[in-house]
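Here is how the chains run, residue by residue.
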Amino acid sequence: MMIKLRNVTKIYEHRELPALKDVSLDVQDGEYISIMGQSGSGKSTLLNIIGTMDYLTSGEYYYNDIAVHEMKGDKLHEFRRKHVGFVFQNYALMKSYTVFENVELPLLAGRYSGRERKKLVNEMLEFTGIRDLADKKVTRISGGEQQRCAIARLMVAGGDLILADEPTGALDHEMGIAIMELLEMLNKRGKTLIVITHDQEIGSRADRVIRLADGQILEEAK
Ligand SMILES: Nc1ncnc2c1ncn2[C@@H]1O[C@H](COP(=O)(O)OP(=O)(O)OP(=O)(O)O)[C@@H](O)[C@H]1O
């Protein structure tokens, strides 16, 4: 089992009601899951805890049997760097950088030569279909292209888990489907994919749909 959450509760400071209440969830290696539910139901909180962007208040979180809920500081940072790739609605790219420079970023910390970096980045730009935009500033390309750039960047970083929070939220329907197809290709290649969406059609593309209501898993479909 890749992800194992047991009785996870999250209570934000100065909040009375928990954002997540006693949530238990198993995710297998290579699964494709969508998380749906009304605004405020706890979707982002759940994703952020899985991605270790946030701490749980109580409960347990195991990742390949490693107790993530016991990790802190550098270890947590290392865990996130090694395993997790995030995709956000607003792309979260470096605005003053080119497409190439954005995708190259995760490699700068490693021991790659300039030539190796160039090869890897170009491969990913090819895969995501934006090779010809390599030298453009990301502010000069469309939303769909920016999301492709963000996906190329997470591929370069090389984690085994992709967490996407409304990745199509700022895109028109057609562009959104194209982005989902790209993420699904990565899932087919073995990466575990968890996607938050408000869009029923997009949500139902996943192998499993998890519905949240008031911080609890209401039902699982498929
Ligand atoms: N940093 C925070 N501090 C305090 N309360 C928070 C924080 N983040 C989220 N919350 C609260 O926790 C609850 C769950 O929020 P969360 O963002 O996880 O919901 P969501 O389902 O992702 O909503 P949306 O669809 O609007 O993004 C909400 O009541 C929200 O106001």
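Residues numbered from 1 in each chain as written. Predicted model: local features only at pLDDT ≥ 70, side-chain atom pairs only at ≥ 80, totals over all residues. Heavy atoms only, no water.

*Asks:* Explain the pattern of salt bridges to me, using residue names and the numbers behind them.
*Replies:* Applying the stated criterion across every chain, the model contains eight salt bridges. In this structure, the salt-bridge partner of Lys10 is Asp54, at a minimum N-O distance of 3.1 Å. One end of the pair, Lys10, is in strand S1 (residues 3-10); the other, Asp54, is in the loop between helix H1 (43-50) and strand S4 (58-63), and 44 residues separate them in sequence. Where Arg205 meets Glu184, a salt bridge forms, and the shortest distance between an N and an O atom there is 2.8 Å. Note that Arg205 is positioned in the loop between helix H7 (200-203) and strand S9 (208-213) and Glu184 in helix H6 (residues 173-188), a separation of 21 residues in sequence. Taking relative accessible area as the criterion, Glu184 reaches 11% and is therefore assigned buried. (Salt bridge = Lys/Arg side-chain N within 4 Å of Asp/Glu carboxyl O. Helix = DSSP H or I, 4+ residues; strand = E, 2+ residues; numbered from the N terminus. Buried < 20%, exposed > 50% of the residue type's maximum accessible area, 1.4 Å probe, protein only.)

*Asks:* Would you mind going over the site of the ligand in detail, with residue names and values included?
*Replies:* Taken together, the residues surrounding the ligand are Tyr12, Arg15, Ala19, Gln38, Ser39, Gly40, Ser41, Gly42, Lys43, Ser44, Thr45 and His198. With respect to the ligand, the backbone of Gly40 contributes an N or O atom lying 2.8 Å from an oxygen atom. In the environment of the ligand, an oxygen atom lies 3.0 Å from a nitrogen or oxygen atom belonging to the backbone of Gly42. Here the ligand loses 62% of its free accessible area of 630 Å² to cover by the protein chains. (Near = heavy atom within 4 Å. Polar contact = N/O pair within 3.5 Å; in protein donor to acceptor, adjacent residues only side chain to side chain. Areas by Shrake-Rupley, 256 points an atom, 1.4 Å probe, with all protein chains shown as cover.)

*Asks:* Go over the nonpolar core with me, naming the residues and quoting the values.
*Replies:* Buried together is how nonpolar side chains tend to be arranged in soluble globular proteins. Counting 36 residues, the largest nonpolar core has Val99, Leu125, Ile151 and Leu183 as its most contacted members. Within the residue set of this core, elements represented by two or more residues are helix H3 (99-108), helix H4 (114-128), helix H5 (143-157), strand S7 (161-165), H6 and strand S8 (192-196). Ignoring sequence-local partners within four residues, the contact set of Leu183 consists of Val87, Ile151, Ile162, Ala164, Pro167 and Leu193. Among the nonpolar cores identified, the runner-up in size contains 29 residues, and Leu20, Leu47, Met71 and Leu163 belong to it. (Core = buried A, V, L, I, M, F, W, Y, C linked by side-chain atoms within 4.5 Å. Contact = heavy atoms within 4.5 Å.)

*Asks:* Quick rundown of the sheet that holds strand S5 (residues 66-67)? Include the residues and the values.
*Replies:* A sheet is described by the order of its strands in space; here four strands give the open sequence S2-S1-S4-S5, paired in antiparallel fashion. The open sheet terminates on both sides in strands that have one partner only, identified here as strand S2 (20-27) and S5. Two strands pair when backbone bridges link them, and S1 and S4 are joined in this way by five bridges, in the antiparallel orientation. Counterpart to Ile3 in the pairing with S4 is Tyr63. (Pairing = 2+ DSSP bridges.)

*Asks:* Got a sec to walk through the packing of H5 against H6? Specific residues and values, please.
*Replies:* Taken N-terminus to C-terminus, the directions of H5 and H6 make an angle of 10°; their axes are 10 Å apart at the nearest point. Comparing the axis directions of H5 and H6 gives the class roughly parallel. Residues Gly144, Gln147, Arg148, Ile151 and Met155 of H5 lie in contact with H6, whose contacting residues are Met175, Ala178, Ile179, Leu182, Leu183 and Leu186. When its residues are assigned to classes, the contact of H5 with H6 shows eight nonpolar, two polar and one charged. (Axes fitted to C-alpha atoms, helices over the stretch in contact; angles between N-to-C directions. Parallel < 35°, antiparallel > 145°, perpendicular 65-115°, else oblique. Nonpolar A, V, L, I, M, F, W, Y, C, P; charged D, E, K, R; others polar.)

*Asks:* Which residues make up the sheet that holds S9, and what are the values?
*Replies:* By definition, the strands of a sheet pair up through backbone hydrogen bonds, in either a parallel or an antiparallel sense. Reading across from one edge, S6-S7-S8-S3-S9-S10 is the order of the six strands in this open sheet, with mixed pairing throughout. Here the strands that pair on one side only, and so sit at the sheet edges, are strand S6 (84-88) and strand S10 (216-221). Looking at each pair of strands side by side, their axes are set apart by 20° on average, direction ignored. As defined by bridge partners, S6 adjoins S7 across five bridges and the pair is classed as parallel. Each residue of the ladder has a partner; that of Phe86, found in S7, is Leu163. Contacting S6 and S7, helix H2 (residues 73-83) crosses the sheet at an angle of about 75° to S6.

*Asks:* So what's going on with the environment of Met71? Residues and values would help.
*Replies:* Relative to the assigned elements, Met71 resides in the loop between S5 and H2. By relative accessible area, Met71 is classed as buried at 12%. Between the C-alpha atom of Met71 and that of Ser24, which follows or precedes it by 47 residues, the distance is 19 Å. Sequence-distant contacts of Met71, that is, excluding residues within four places in its chain, are made with Tyr55, Ile66, Leu76 and Phe79.

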